Amino acid sequence: MSASPSMSGGAGERTRTVVWFRRDLRVEDNPALAAARRSTDTVAALLELVRSTGATHLFFNHLYDPLSLVRDHRVKQVLGAEGITVQSFNSDLLYEPWEVLDDHGCPFTMFTPFWNTCLCMVDPPAPMLPPKRINSGELSRCCSSDDLIFEDESERGSNALLARAWSPGWQNADKAFTAFINGPLIDYSVNRKKADSANTSLLSPYLHFGELSVRKVFHQVRMKQLTWSNESNGDGEEGCSLFLRSIGLREYSRYLAFNHPCSHEKPLLAHLRFFPWVVNEVYFKVWRQGRTGYPLVDAGMRELWATGWLHDRIRVVVSSFFVKVLQLPWRWGMKYFWDTLLDADLESDALGWQYISGSLPDGRELDRIDNPQFEGYKFDPCGEYVRRWLPELARLPTEWIHHPWDAPESVLQAAGIELGSNYPLPIVELDEAKSRLQDALSEMWELEAASRAEIENGMEEGLGDSSDEPPIAFPQELQHMEVDRATIHTPAMAGRRRADQMVPSITSSFFRAETETELSAAFESEVTRPEVPSQVHFQPQTRMEVRDEVASDDTAARYNGVQQQQQYTLHRHRVQGGIAPSTSEASSSWTGREGVIWTGTRSSHIG
DNA sequence: TGAAAATTCTA
DNA sequence: AGAATTTTC
């Protein structure tokens, strides 16, 4: 937001204002907004701010989760009606979700064709240089970033350790990026399967918080690729493709969120609603603590807790173990990721968990259980990773490091390990998990068939509720436990207040309180594709609002047409009034990709 | 050169 | 787990 109209074309770099907008202004902490104190309504807060500063223009960048889409649209309406010029931009993505369509003009339902299409499109415009000067008018005086309180004392304390390893800010983002493309990128294709972080870009938190522009990443990696291609460095070139692909996954997560507004809460494939999840809080706790008895899983969970980061592959390992072996409800895991990962990202994490839990057309097969032992030798052949995070196994020879339960007693003794005592036996045997999974799947298909039969018999009125996923309450106990642990350890969630998370969960209290009517209205009518500002950038802005509306209606129409043909069954129309019961009040996190050894809470990153 | 075996990859 | 690709003989 700028008090002066001189700041134009913010499409390239984010500005501080935009960053504020990403996670909702915390009005209650901002002295400049005393009038709006206690308000959690962004629109009211902005209105107040605009009035008090005399701003004439408002600029912001797009977000694609349902909460933001609705809210941002309201901002346009309300502030527009006040005579404020409101202009929004794409800054988070290479291409806007509504720009990427298949031959029939329909949104893709699978990643590969989506990404191939992206790669064939005209390259996104190169990022712009930052403006030489921003005339921030009254704004800088009345609410500089120093006045905004992003963490309280207890948060500050619990973040101290993480802060040592993490360097936020765009300069550091830039440094990390340069280091990556001049270093590990060339060997990315060879090294990417190793479990440790040395070979990954560790950029995901910077990307998440808008400290690094995806378009900049895209262009520079493309240039490297060209260079290596000319030198016929096949590996280097392939590394670039693979790395860009992980950027593509991030794009795709927004794409999915946009096309399926509930994808962070509901499985995209309808039958998953009938899966009989094992509601077992002991399993859940054991998983969180890294005491499952499977070394690779446990090492991952310990690393996650200690550093707030996990390699992409290990995210797949632990989450797939969670869903397939423990058969816990995936949204619990997603919530835990959200709480612990420093690159926690709603869209990316929802994509990841849906992929793992078999909810995507191109996801992993539901009936396939990955064997952590084999994965262990694949990603961590020498056992270094396991030894680093599980000191109790440090003296175990590599031969047994990923399956200590098979090791001869003498070997265990020599390594100082007593299974069941200082390292657990497998909490669930894989064979047992397999048969349990088979049973669960048959049950799921039976229920699904029964439900479909009933619907065909015209009984859908009677079972309106049953087609929603049965609500599985998020374990209460987790809240307390995490706070306890957080004060002892370092990680991210310590003392975080609920409001800080601002997870666009449709069921969050914030949402209900502030926007329920609007949202239900939004989801009720099928014409709701919430207000996608289309082609905003290069238009003179007089007619912009009008064009927006038209464009978004267009998009909506197209979307609805598509919706029928897709195999996804996302009963958006059911999400009304009470709004679908959700497992978790928050959501998830996960990025199929890079990360940073991250330090600091989410809320403290923003500065 | 072709079939069989081994390895790799899967969003 | 299974398809696709590469290596082996």
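Per an unreviewed UniProt entry, chain A goes by Photolyase/cryptochrome alpha/beta domain-containing protein and derives from Triticum turgidum subsp. durum. The annotation that UniProt attaches to chain A under Sequence similarities (unreviewed entry) is "Belongs to the DNA photolyase class-1 family."

(A) How the structure looks around the environment of W353. With respect to the secondary-structure elements, W353 resides in helix 16 (residues 346–356). Accessibility expressed as a relative area gives 0% for W353, which makes it buried. Once the C-alpha coordinates of W353 and S197 are considered, the two residues, 156 residues apart in sequence, prove to be 21 Å apart.

(B) Spotlight on the pattern of salt bridges. This structure, assessed with the given rule, holds 16 salt bridges. Here K216 makes a salt bridge to D174, at a shortest N to O gap of 2.3 Å. Remark: D174 occurs in helix 7 (residues 170–182) and K216 occurs in helix 10 (residues 214–230); sequence separation between them is 42 residues. The partner of R452 in a salt bridge is E448, and the shortest N-O contact between them spans 3.4 Å. You can see R452 and its partner E448 sitting in helix 21 (residues 430–456), four residues apart, about one turn around the helix. Judged by relative accessible area, E448 falls into the buried class, the value being 14%. Several salt bridges share partner residues, and in doing so they unite D92, R250, R254 and D345 into one network.

(C) Inspection of the pairing of strand 1 (residues 57–61) at higher detail. Burial analysis of strand 1 places five of its five residues in the buried class, which makes it a mostly covered element. As defined by bridge partners, strand 1 adjoins strand 2 (residues 85–89) across five bridges and the pair is classed as parallel. Within strand 2, the residue paired with H57 across the bridge is T85. Read from strand 1 through helix 3 (residues 66–81) to strand 2, the crossover connection turns out right-handed.

(D) Focus on the protein's contact with DNA strand B. Around DNA strand B, a shell composed of ten residues is seen, among which F111, R245, D312, Y355 and D362 lie nearest. Backbone atoms, meaning sugar plus phosphate, form 48% of the atoms of DNA strand B positioned within 4 Å of the protein. Within the contact set of DNA strand B, a phosphate oxygen lies 3.4 Å away from a side-chain nitrogen or oxygen of T112. Between R245 and DNA strand B, the recorded distance is 2.8 Å, taken from a side-chain N or O atom to a phosphate oxygen.

(E) Representation of the UniProt feature "binding site: FAD" (unreviewed entry) in chain A. The sites that UniProt annotates as "binding site: FAD" (unreviewed entry) are Y188, T200, S201, L202, L203, S204, F243, D343, A344 and D345. An extended arrangement is adopted by the annotated residues: their sequence extent is 158 residues, and the largest C-alpha distance between any two is 23.2 Å. Relative to the assigned elements, F243 resides in helix 11 (residues 234–259). For F243, a relative accessible area of 1% puts it in the buried group. As for its position among the elements, D345 is in the loop between helix 15 (330–340) and helix 16.

(F) Looking closely at helix 15. With eleven of its eleven residues buried, helix 15 lies for the most part within the structure. Among the residues making up helix 15, those that are buried are W330, R331, W332, G333, M334, K335, Y336, F337, W338, D339 and T340.

(G) Looking closely at unusual backbone geometry. The backbone of S232 shows a phi angle near 45°, a positive value even though the residue is not glycine. Relative to the helices and strands, S232 is located in the loop between helix 10 and helix 11. Not every positive phi belongs to a glycine, and Q327 is a case in point at roughly 55°. Inspection of the secondary structure assignment puts Q327 in the loop between helix 14 (312–325) and helix 15.

(H) Expanded view of the packing of helix 11 against helix 16. Interhelical geometry of helix 11 versus helix 16 gives an angle of 90° and a closest axis separation of 8 Å. Classified by the angle their axes make, helix 11 and helix 16 are roughly perpendicular. Mapping the contact onto sequence places L249, R250, Y252, S253, R254, L256 and A257 in helix 11 and E347, S348 and L351 in helix 16. Here the contact of helix 11 with helix 16 is composed, by residue class, of five nonpolar, two polar and three charged.

(I) Focus on the environment of E443. With respect to the element layout, E443 can be found in helix 21. The exposure class assigned to E443 is partly exposed, which follows from its relative accessible area of 39%. For the pair formed by E443 and F474, sequence separation is 31 residues and the distance between their alpha carbons is 23 Å.

Definitions and cut-offs
- Residues numbered from 1 in each chain as written.
- Chains lettered and ligands numbered in written order.
- Predicted model: local features only at pLDDT ≥ 70, side-chain atom pairs only at ≥ 80, totals over all residues.
- Heavy atoms only, no water.
- UniProt positions renumbered as here; feature names shortened; annotations may be inferred.
- Helix = DSSP H or I, 4+ residues; strand = E, 2+ residues; numbered from the N terminus.
- Buried < 20%, exposed > 50% of the residue type's maximum accessible area, 1.4 Å probe, protein only.
- Salt bridge = Lys/Arg side-chain N within 4 Å of Asp/Glu carboxyl O.
- Pairing = 2+ DSSP bridges.
- Right-handed = clockwise from strand over helix to strand, strands pointing away.
- Near = heavy atom within 4 Å.
- Polar contact = N/O pair within 3.5 Å; in protein donor to acceptor, adjacent residues only side chain to side chain.
- Axes fitted to C-alpha atoms, helices over the stretch in contact; angles between N-to-C directions.
- Parallel < 35°, antiparallel > 145°, perpendicular 65-115°, else oblique.
- Contact = heavy atoms within 4.5 Å.
- Nonpolar A, V, L, I, M, F, W, Y, C, P; charged D, E, K, R; others polar.

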